[in-house]
Each structure stands twice: as structure tokens, then as C-alpha cells.
Amino acid sequence: MSNRTVIPFGPQHPVLPEPIQLKLELQDETVVSAIPHIGYVHRGIEKAAERMEYTQNVFLVERVCGICSFIHALCYCQAIEQLQNIEASPRAKYLRVIWSELHRLHSHHLWLGLFADAFGYESLFMQFWRNREMLMDIFDKTAGSRVIISTCAIGGTRRDISDVHLQEILDTLDEVEKQLDKTLPVILNDYTVKKRTVGIGKITREQALELGAAGPVLRANGVAQDMRQLGYAAYGELGFEPVTENDGDCYARAKVRARECYQSVELVRKAIRQLPDGEILTKPKGRPKGQVISRVEQPRGELLYFLSADGTNRLDRLRIRTPTFANVPPLVAMLPGCELADVPVIVLSIDPCISCTER
Amino acid sequence: MINNVLSNLFSKPATRDFPAKMREIAENVRGSVEFNTENCVYCGACALKCPANAIEVDRPAKKVTFDLYKCVACACCAEACRKGCIQMAKQYAHPSYRKMDVVFQGEPLLTDANGDS
Amino acid sequence: MMETMEIKPQEIIDIPNIRDVDVSELLDRVKKAADEKRRFVTMTALDRGDHFEVLYHFDRDLHLEHLRVRVPKGQTLPSISSVYLAAFLVENEIKELFGLEITDIAIDYQNHLYLIEGVEPAPMAKDKPLE
């Protein structure tokens with residue numbers, strides 16, 4: 001006597017910028033279970049990395065994700081640096097922080113815009129993306145490219161940021177912060193938004209840990225875990241404290257990201273204030289040999305690279321675990337019990353990046 | 001509310017009048033690769049460094065073939081070239097109807113995959 | 001017995017906190033990790049010629065710990081998705097891309113997570129051409 005229906009959600013859906021399919025089993029309007037299907041954008045990057053030289057892989061791994069390209073390159077370069085036993089210069093470390101945080105900032109802007117769009121707040125979506133454009137212009141000026149900035153290299157960075165540009169970054173950040181002050185309250189205090197996010201897609205702290213959630217999904221459950229606490233690059237010297245919220249619902253996840261925007265602005269300012277002089281590139285020596293794991297914090301959460309090298313100029317194995325890959329099981333746990341109309345909001349609340357996930 | 005209305009009425013639009021006003025291209029931008037084969041010694045360093053395998057150097061024939069559509073504009077070739085033959089131009093590659101290789105043998109030639117110019 | 005043994009030990013940079021376990025005691029070890037509230041991070045498979053090396057990565061308070069099992073080719077590996085449900089995606093991935101048979105996965109995609117019908121199986125295996 002069951003009147004259950006199965007509705008395929010995606011892979012093409014107005015709120016999904018990337019293809020993931022969820023097979024939703026519904027009892028009337030309520031989701032009973034969800035099974036995710038990915039595999040629409042698998043590119044075989046891990047295999048391609050075995051074919052290319054380890055120095056060329058920097059440009060390959062940047063293409064795992066267009067939104068946080070620099071952070072992928074950073075994670076890879078740090079792993080190779082560990083294997084070759086070299087260390088980036090202090091200035092390079094600070095430059096890496098600056099570019100990483102700008103990437104996080106623009107990624108969170110992108111997500112906030114898409115999140116607003118999921119409720120049908122199109123004007124707000126444009127406001128966020130207009131802000132983001134100011135950040136993209138910084139990349140254009142400092143790195144020479146808007147999206148895949150290709151400035152990270154094994155042993156440091158490929159480009160320096162001049163004092164003129166540093167001042168420009170500071171000015172832009174002032175403007176971005178001013179705009180954030182105007183736009184963020186709309187998404188955080190609006191009656192409709194609250195109605196559709198508070199208590200929706202809730203998971204408990206235990207569930208989040210058990211299902212291996214990463215990044216803002218984990219921190220929205222009060223778990224203060226952020227890979228930046230490991231103190232890679234110059235984060236150890238910047239006095240970093242992770243942002244946490246306790247409710248574990250869509251609203252808490254949005255709030256974590258909103259607060260991280262301000263945190264990133266502060267981190268960039270601090271990094272620019274403390275930026276030391278000096279060389280930007282340490283020459284690598286020898287070829288990588290051994291196995292190493294490198295972890296950094298992406299806008300979406302913890303990114304893990306496992307490298308196995310045998311002393312030739314090609315890697316034996318490169319394993320990439322992206323945060324969305326870890327956040328799909330929590331998503332499956334969030335969906336049962338929610339209304340069909342809330343599914344888009346919940347899916348967006350983990351900030352899915354499917355191209356990352358499948359590599 | 002009234003402030004918003006007034007400021008939106010009298011402020012400039014957020015967008016550009018696109019075809020009339022182009023976005024200014026930043027200095028040091030990695031736009032597209034520009035070859036200058038006059039000083040080239042055909043050492044092949046650029047082809048070796050290229051992560052996308054977009055460059056082929058034929059030393060005996062003194063020929064450089066550059067696949068514009070494989071290029072990822074990373075500027076590795078420009079860094080590798082000791083003769084300063086490769087520069088990153090301050091303009092982006094233009095769209096095209098056909099995928100063409102750029103062949104340099106003396107004068108740059110544009111050919112498509114079949115070798116027709 | 002494997003390639004890694006040929007490299008002199010002092011030259012190898014290896015990941016710390018790694019523990020070699022047998023396939024038979026794997027599930028007990030994983031259960032213990034779950035009881036101690038470790039967060040499952042991911043799994044990594046490596047093709048070592050005659051056998052697969054599978055690493056299980058766990059995190060507790062930003063501290064990584066690993067289990068390593070060696071599975072000869074042709075043998076199966078039990079799924080840990082009964083303990084950590086989060087492992088189902090990565091287990092499907094390994095099964096599909098390496099051709100290592102993992103049994104009893106909670107949600108089994110039957111080798112169709114990434115690959116489609118008619119594609120050569122196990123593209124990540126070392127004997128598959130790189131191009």
C-alpha cells in the first residue's frame with residue numbers, strides 16, 4: 001500500500017551549476033531516501049598525472065577545480081616540496097596565503113550568489129557576483145589571468161606582487177567589505193531565507209563526524225576543524241582561528257561561509273601588513289622520492305593529496321581527495337525527511353563542486 | 001528605501017557599454033603566446049616544458065608548430081626560452097571557425113590540421 | 001618482496017603513523033577506529049604490479065593515521081561501508097578504476113559510477129596504456 005515515487009533530480013537542474021543526479025524516493029512530498037549518481041564529468045586527471053612530468057603536473061592539478069585552482073596547486077607544490085626537502089621562502093609563503101584567501105573569498109562570493117539564486121533572489125545573486133568581479137580583477141592584475149592563475153610553483157611562487165598592487169588589493173578589500181556589509185544581512189536576516197534554511201537539512205555533530213564531512217559542513221556542526229590550523233604556508237604566523245556554528249542546518253552552513261568572508265578579508269590584510277621581503281622562488285633540487293600526504297583547506301573544506309614517487313621525473317601515483325567527495329555522504333544523510341522543494345537548497349548548502357569530485 | 005531609489009537613479013550603471021567600451025587588459029597579463037622565430041635556435045626547450053604538449057619543434061627542418069587550441073597560456077615556454085623568442089602578448093587569442101596550427105618556418109604560417117593554409 | 005623494498009630505507013620519505021594490517025583483521029581495526037571516533041578521510045589504492053596496496057586514512061583532531069592492506073591481484077577485499085558509510089563512494093571508485101573486487105559495498109554502483117557500458121574496465125591499473 002505504498003505510494004512512493006522516484007524522482008530523478010538532476011543532472012541538469014536550474015540550481016545546479018554542475019551535473020549530479022539524485023534519485024529521490026518520495027512519500028507524497030517528503031524525501032524518504034536519496035541515492036547520488038555522479039560520473040558525468042570524470043576526466044581521469046589522476047591517470048593523466050602519471051603521464052606528465054611532476055613539474056608539469058602543477059598546471060594539471062590546477063584544472064581539477066576552476067574556482068580554487070591556486071589552492072590545488074599549493075597543495076601539490078607543498079607535497080613535492082616535502083619530498084624534495086625544500087622550503088618556500090617567507091615571502092612566497094605570505095604570497096601564497098594572499099592568493100589562497102582571495103580564492104576563498106571569491107569562491108564564497110560565488111556560492112553566496114548561487115545560494116541566493118536558489119531561493120529566486122536574482123538581484124542578490126548579481127550583487128554578490130558584482131563584488132566577486134572586483135576580486136577577479138585582482139587576479140587579472142597580479143597573476144595575469146582571471147581564473148586559473150598559475151602562480152604557484154614548486155619552491156615558491158612564479159610571480160611577485162608589487163607594492164602598487166598590494167595597495168590596490170587593500171583598497172579593493174575595503175570596497176568588498178563595504179559591499180558585504182550591505183548584502184550579507186539580506187541573506188542572513190531575511191524572513192523568507194530564514195524560513196527556508198533554519199532547521200532544514202540538519203545533521204547532528206556525530207553524524208557529521210561519522211560521515212566524514214569536511215569544511216563548512218563540519219564546522220557548521222561545531223567541530224573546529226580547519227586545515228589552516230596545521231599552519232601550512234604562513235597561516236601559523238597569522239593567528240588563525242576557525243569559524244564555527246552549532247546548529248548543523250543550511251542556515252548555519254551559510255553563516256559559516258558568510259563569517260569566513262570577513263575572516264579571509266582580515267587574513268589578507270594581516271598577510272599584507274606582515275609581508276616580508278626576499279626571494280620568491282627556491283630552486284628545487286633532485287627528484288621526488290617517497291610517499292607523502294599534503295592537506296590544505298579549500299573553500300569547500302579539506303583537500304588531501306597523496307603522492308607516491310619513485311625517483312623518476314614522473315609520479316607513480318597522485319591521489320586527490322576533494323572536499324565535495326567527502327561531503328556527498330553527509331548530503332545523503334541530510335535529505336531524508338525534507339520536502340521536495342527544499343532539496344535544491346540543501347544540495348547547494350554543501351557547496352557542491354562536481355568536477356572536483358570526479359577529477 | 002528612498003535613498004536606494006535615488007542612488008540607483010543617478011548613479012552610473014554597473015555594466016560597461018560593451019562593444020563601444022572594452023575592458024582594459026591588465027599589464028603583465030598572460031594573454032596568448034607570441035613567437036618571434038628570428039633568433040630561434042630550435043633548441044626545443046619550450047616544447048619540453050609545455051605542460052599541454054602544444055609546441056612541436058622540428059630541428060632539421062627549422063620548423064616550430066604551435067597548436068593554439070591546446071595552449072593553456074601558462075607562460076612556461078616564455079620562461080624556458082633563453083633567446084627571448086617567446087613572449088606573452090597582451091591580448092587574448094581570438095575565436096576562430098577552424099582549429100589551426102601556427103607554423104613558423106621563416107615566416108609564420110597559419111595552417112589547419114591538414115596543412116592547408 | 002616489492003619495489004619499495006629495493007630503495008634504501010633511509011632514503012624513503014614515507015608517511016608517518018602507518019600500520020600494516022592483514023585483510024582478515026581489517027574490519028576489526030576499522031571498527032576500533034570508529035569506536036575511537038576517528039573521522040574517515042578517504043582511501044587510496046596503489047597498483048604495485050602483483051598486488052594492490054590500499055591505504056585507509058583517518059583523522060582525529062587534525063592528526064592523520066593510516067591503515068595499509070596488501071591484496072594480491074585476483075583476491076577480494078571486504079568493504080568497510082558497514083562501519084563507515086562514507087566509504088561507499090571511494091570503494092566504488094577503487095573497484096571500478098583499479099579492478100580490485102570489493103565485496104558488500106553499501107551502495108554498489110556495479111562498475112558504473114564513472115565508466116559507461118562498453119568502456120575498457122580498470123583504466124587506472126598500471127598495465128593500461130597512459131595515452
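For clarity, every value in this text was computed on a predicted model and none was experimentally measured.

*Asks:* Which residues make up the pairing of strand β7 (residues 301-310) of chain A, and what values go with them?
*Replies:* Residue and element names in this part refer to chain A. With 9 of its 10 residues buried, β7 lies for the most part within the structure. Examined bridge by bridge, strand β6 (residues 289-298) and β7 share 10 bridges and lie antiparallel to one another. In the sheet register, Arg295 faces β7, and the bridge partner there is Leu304. Remark: 2 residues form the turn of the hairpin made by β6 and β7, two consecutive strands paired antiparallel. Summarising the sheet, β7 and strand β8 (residues 315-321) pair through 6 bridges and their orientation is antiparallel. Bridged to Ser308 within β8 is Arg317.

*Asks:* How would you sum up the interface of chain C and chain A? Please name residues and give values.
*Replies:* On the side of chain A, 43 residues touch chain C, which itself brings 46 residues to the contact. Between chain C and chain A the total buried area reaches about 3800 Å² when both faces are included, carbon and sulfur atoms providing 59% of it. Across the contact surface, chain C and chain A share 5 salt bridges. Between Glu302(A) and Arg39(C) there is a salt bridge whose closest N-O contact spans 3.1 Å. Connecting chain C to chain A are 14 residue pairs in polar contact (both at pLDDT 80 or more). Secondary-structure elements contributing two or more residues to the side of chain C that touches chain A are β2 (39-47), β3 (51-60), β4 (63-72) and α3 (88-98) of chain C.

*Asks:* Pulling in residues and values, what's your account of helix α4 (residues 90-118) of chain A?
*Replies:* Since one α-helical turn is 3.6 residues long, residues separated by three or four positions face the same way. Taking 1.5 Å of rise per residue, the 29 residues of α4(A) would be expected to cover 42 Å, and the 42 Å separating its terminal C-alpha atoms lies within 8% of that figure. A positive backbone phi angle near 90° is found at Gly120(A), which sits one or two residues after α4(A).

*Asks:* Describe the environment of Ser264(A), and please don't skip the residues or the numbers.
*Replies:* Residues and elements named next belong to chain A. Assignment of secondary structure puts Ser264 in helix α10 (residues 250-274). Taking relative accessible area as the criterion, Ser264 reaches 0% and is therefore assigned buried. Spatially, the C-alpha atom of Ser264 lies 7.2 Å from that of Leu102, the residues being 162 residues apart in sequence. Leave out the neighbours within four places in its chain, and Ser264 touches Glu101, Arg104 and Leu105.

*Asks:* Would you mind going over the arrangement of the chains in detail, with residue names and values included?
*Replies:* Of all 2 pairs of chains in contact, the one with the most contacts involves chains A and C. Note that chain B does not reach chain C: the shortest distance linking a C-alpha of one to a C-alpha of the other is 13 Å.

Scoring rules and cut-offs
Residues numbered from 1 in each chain as written. Chains lettered and ligands numbered in written order. Predicted model: local features only at pLDDT ≥ 70, side-chain atom pairs only at ≥ 80, totals over all residues. Heavy atoms only, no water. Buried < 20%, exposed > 50% of the residue type's maximum accessible area, 1.4 Å probe, protein only. Helix = DSSP H or I, 4+ residues; strand = E, 2+ residues; numbered from the N terminus. Pairing = 2+ DSSP bridges. Contact = heavy atoms within 4.5 Å. Buried area = accessible area lost by both parts, 1.4 Å probe. Salt bridge = Lys/Arg side-chain N within 4 Å of Asp/Glu carboxyl O. Polar contact = N/O pair within 3.5 Å; in protein donor to acceptor, adjacent residues only side chain to side chain. Expected span 1.5 Å × (residues − 1).

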